[in-house]
Amino acid sequence: MAAAAKAASSAAGAANGFVPRAVFEVSASITRSYFLGHHTAALTSMRKVLSNIGLILECRDSRVPLTSTNPLLESSLASRDRIIVYTKSDLCAPATSTRWLARQQSLLTEWHQNSPSSGSGVIGGRTEVVFTDERNPRSIQRLLALVKERAAAQDSLLGLRALVVGMPNAGKSTLLNALRRVGMRLPGAARTGAQPGVTRKLSTPVRIVAATETSDGAYNDAQDVGEGVFVVDTPGVFVPYVSDLESMLKLSLVGCVKDGLVPAETIADYMLFLINQRDPTIYADLSAPTNDVQEFLDAVAVRTGKLLKGGVPAREHAADWVVQQWRRGHLGRFGLDDISEEGLKARATRLALEQNEGDAPLSLSQARKREKEARKARSLAKRAAALDPTS
Ligand SMILES: Nc1nc2c(ncn2[C@@H]2O[C@H](COP(=O)(O)OP(=O)(O)OP(=O)(O)O)[C@@H](O)[C@H]2O)c(=O)[nH]1
Ligand SMILES: [Mg+2]
């Protein structure tokens, strides 16, 4: 038996009696704000160009379709038609789950169309939902077909300008490049990267669909899209304050906030908790099933040679590495939000309650105030702990 298979089988054996944690305990003091200068500047620039924009392509990470909603973007850009693009669909389910993905798509479409509190920001026009995987040209073609439809419906000689928006690291620039690659057979025009904050400014318009009429008077397409379709890339914009702790963990795990803001070990622990609820044999090559993150990270560090002087496991390094592995789909491909009928119902009830209780999205100054208060409480708690001789 090969070593990996042997390890997997022994871990599966060990997993037989393994009971995963039912709840994830986390300190309420983790940072829940990540609103940077360029996020505010981006919103201002978007509002300035909005009069020339006919369509919003709002990107959300398909692993967190509900949690990666940004009410700030919703309200700032609410006057335009939009298509909600659930990016990275290859990471939210195994490649064989095409039926499951189709069901998710129809549930989310229904959710956006029927629920006023769904976070679809209901705009003047229709809200369509598309799942994309940048490496699957078919998924990009489906989106392009919808975009062309919108361009033809707007019937402008100048064509259509679309703004691609979303949370940091949602895959906006990658989507723009994929649309250009499939729509124009041209190489990418935008810089992309695995960390949030790669795009810092609005881009110049990038062509993704050719003009209907070519320079020699011939016609390119059955649909009249005038001068064609152009897309403007934008920097990712985070929400001013995340009131729900688990949402902050989810957004950190998918890479929407800068690594380090929430400690790497906490994110790795949350990932471990989620994997354990599915199938602890997913990490059989790295560790025996465990609910103890330190034990897990020590095993990962030993297995991958991440050791400090004297052979001490480099836990933080191991935590960073193992989270990257999950983000690349090497430790299971699954979503973090519950997109079942019951899950969506529960979400709608919660949103309605929050709105009734006045816990609606915070304004920027409210959010700053709340973060300042939280920081003050954290430092007071630290000082009190340092003074307490029993601690
Ligand atoms: N697996 C997978 N990875 C993707 C997909 N789309 C984007 N990514 C990855 O996600 C990361 C972020 O992509 P970007 O396009 O830079 O994200 P962004 O939204 O422009 O990020 P900011 O400009 O920083 O806000 C990169 O590592 C991409 O390779 C996808 O469909 N599948
Ligand atoms: Mg970008």
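Everything quoted here is computed from the prediction, not taken from an experiment.

**Q** Explain the overall build of the chain residue by residue, including any values.
**A** When its secondary structure is counted, the chain shows 13 helices and six strands. Within the chain, the fraction of its 391 residues that count as buried is 39%. At a minimum sequence separation of 6, the contacts of the chain that also span at least 24 residues come to 74%.

**Q** Residues and numbers for the nonpolar core, please.
**A** Within the largest apolar cluster, 83 residues are counted, with the highest numbers of intra-cluster contacts made by Ala162, Ile267 and Ala268. Top contributing element to this core by residue count: helix H9 (residues 264–278), with seven residues. Two domains share this core, each providing at least three of its residues, namely domain 1 (37–233) and domain 2 (263–344). Every residue in contact with alanine 268, bar those within four places of it in the chain, is listed here: Val293, Leu297, Ala319, Val322 and Val323.

**Q** Tell me about the confidence of the model for the chain, and please be specific about residues and values.
**A** Residues with a pLDDT of 70 or more make up 84% of the chain, whose mean pLDDT is 87. Note that pLDDT drops below 50 for residues 1–14; the model gives that stretch 15 contacts with residues more than four away or on any other chain.

**Q** Explain the site of ligand 1 residue by residue, including any values.
**A** As a structural note, the neighbourhood of ligand 1 is formed by 24 residues, with Gly171, Thr174, Thr192, Thr199 and Gly236 the closest of them. Classifying every residue of the shell around ligand 1 gives seven nonpolar, twelve polar and five charged.

**Q** Run through the packing of H9 against helix H11 (residues 315–327), naming residues and quoting values.
**A** Taken N-terminus to C-terminus, the directions of H9 and H11 make an angle of 45°; their axes are 8 Å apart at the nearest point. On the basis of the axis angle, H9 is oblique to H11. Judged by the twist between their axes, the crossing of H9 over H11 is left-handed. The segment H9 lies against H11, with Ala264, Glu265, Ile267, Ala268 and Met271 engaging Arg315, Glu316, Ala319, Asp320, Val322, Val323 and Trp326. For the contact of H9 with H11, the per-class residue count stands at eight nonpolar, no polar and four charged.

**Q** Lay out the pairing of strand E6 (residues 229–233) in plain terms, naming residues and giving numbers.
**A** Along a regular strand, successive side chains alternate from one face of the sheet to the other. The element E6 is largely enclosed, with a buried count of five among its five residues. Residue alternation in E6 divides its side chains into two sets, Val229, Val231 and Asp233 and Phe230 and Val232, and both sets are buried. Direction of pairing for strand E4 (residues 160–166) relative to E6: parallel, over a ladder of five bridges. By the bridge assignment, alanine 162 is partnered in E6 with valine 231. Across three bridges, the pairing between strand E5 (residues 206–209) and E6 is antiparallel. Of the residues in E6, the one forming a bridge with arginine 207 is phenylalanine 230.

**Q** Describe helix H2 (residues 37–49), listing the residues and the values that go with them.
**A** With 13 residues, H2 ought to run about 18 Å at 1.5 Å a step, and its terminal C-alpha atoms sit 19 Å apart, in line with that. Among the residues of H2, those classed as buried are His39, Ala42, Leu43 and Met46. The buried residues of H2 occupy an angular sector of 100° when the element is viewed end-on, so they sit on one face. Exposed positions of H2 whose direction lies more than 90 degrees from the buried face are Gly37, Thr44 and Lys48. Lining the buried residues of H2 we find helix H3 (71–76) and E4.

**Q** I'd like to hear about helix H6 (residues 137–154), residue by residue, with values.
**A** If you check H6, its first and last C-alpha atoms are 25 Å apart, about what 18 residues at 1.5 Å a residue would give, namely 26 Å. Residues of H6 that are buried include every one of Ser139, Ile140, Leu143, Val147, Lys148, Arg150 and Ala151, and no others. Aspartate 155 sits one or two residues past H6 and shows a positive phi near 50°.

**Q** So what about unusual backbone geometry? Which residues, and what values?
**A** Located in the positive-phi region is aspartate 155, a residue other than glycine, with phi close to 50°. Along the polypeptide, aspartate 155 turns up in the loop between H6 and E4. Unusually for a residue other than glycine, arginine 185 sits at a positive phi of about 55°. Note that arginine 185 resides in the loop between helix H7 (172–184) and E5.

**Q** Any details on the packing of H6 against H7? Residues and values, ideally.
**A** Where H6 contacts H7, the axes come no closer than 9 Å and their chain directions differ by 85°. Judged on the interaxial angle alone, H7 and H6 are roughly perpendicular. Here Pro137, Ile140, Gln141 and Leu144 of H6 come into contact with H7, specifically with Ala178, Leu179, Val182 and Gly183. The residue inventory of the contact of H6 with H7, partitioned by class, reads six nonpolar, two polar and no charged.

**Q** Quick one: what's the story with the sheet that holds E5, residue by residue and with numbers?
**A** Strands in a sheet are paired, the pairing made by backbone hydrogen bonds, and the direction either parallel or antiparallel. Spatially, E3-E2-E1-E4-E6-E5 is the arrangement adopted by the six strands of the open sheet, whose pairing is mixed. Pairing within the sheet leaves two strands with one partner each, and these edge strands are strand E3 (127–131) and E5. Within this sheet the neighbouring strands show an average axis-to-axis angle of 30°, counted without direction. In this sheet, E4 lies alongside strand E1 (residues 55–61) in parallel orientation, the contact comprising five bridges. Paired with isoleucine 56 across the two strands is leucine 163, which belongs to E4. Helix H5 (residues 98–114) rests against strand E2 (81–87) and E3 of the sheet, and its axis sits at about 160° to E3. In the packing of H6 onto the sheet, contacts are made with E1, E2, E3, E4, E5 and E6, and the angle to E3 comes to roughly 155°.

**Q** Break down the pairing of E2 for me, citing the residues and quoting the values.
**A** For E2, a buried count of six out of seven residues is recorded, marking the element as mostly surrounded by other parts of the structure. Relative to E2, E1 runs parallel, the two being bridged by seven bridges. Across the sheet, the residue bridging to leucine 57 is isoleucine 83, located in E2. Handedness of the E1-H3-E2 crossover: right-handed. Where E2 and E3 come together, five bridges link them in parallel fashion. If you follow isoleucine 83 over to E3, its bridge partner there is glutamate 128.

What counts, and where the lines are drawn
- Residues numbered from 1 in each chain as written.
- Chains lettered and ligands numbered in written order.
- Predicted model: local features only at pLDDT ≥ 70, side-chain atom pairs only at ≥ 80, totals over all residues.
- Helix = DSSP H or I, 4+ residues; strand = E, 2+ residues; numbered from the N terminus.
- Buried ≥ 20, exposed ≤ 12 C-beta atoms within 10 Å, placed from the backbone.
- Contact = placed C-beta atoms within 7 Å.
- Core = buried A, V, L, I, M, F, W, Y, C linked by C-beta atoms within 7 Å.
- Domains from an automatic or database assignment.
- pLDDT = per-residue confidence, 0-100.
- Near = placed C-beta within 6 Å.
- Nonpolar A, V, L, I, M, F, W, Y, C, P; charged D, E, K, R; others polar.
- Axes fitted to C-alpha atoms, helices over the stretch in contact; angles between N-to-C directions.
- Parallel < 35°, antiparallel > 145°, perpendicular 65-115°, else oblique.
- Left-handed = near helix turned anticlockwise from the far one by under 90°.
- Pairing = 2+ DSSP bridges.
- Expected span 1.5 Å × (residues − 1).
- Arc of directions from axis to C-beta.
- Right-handed = clockwise from strand over helix to strand, strands pointing away.

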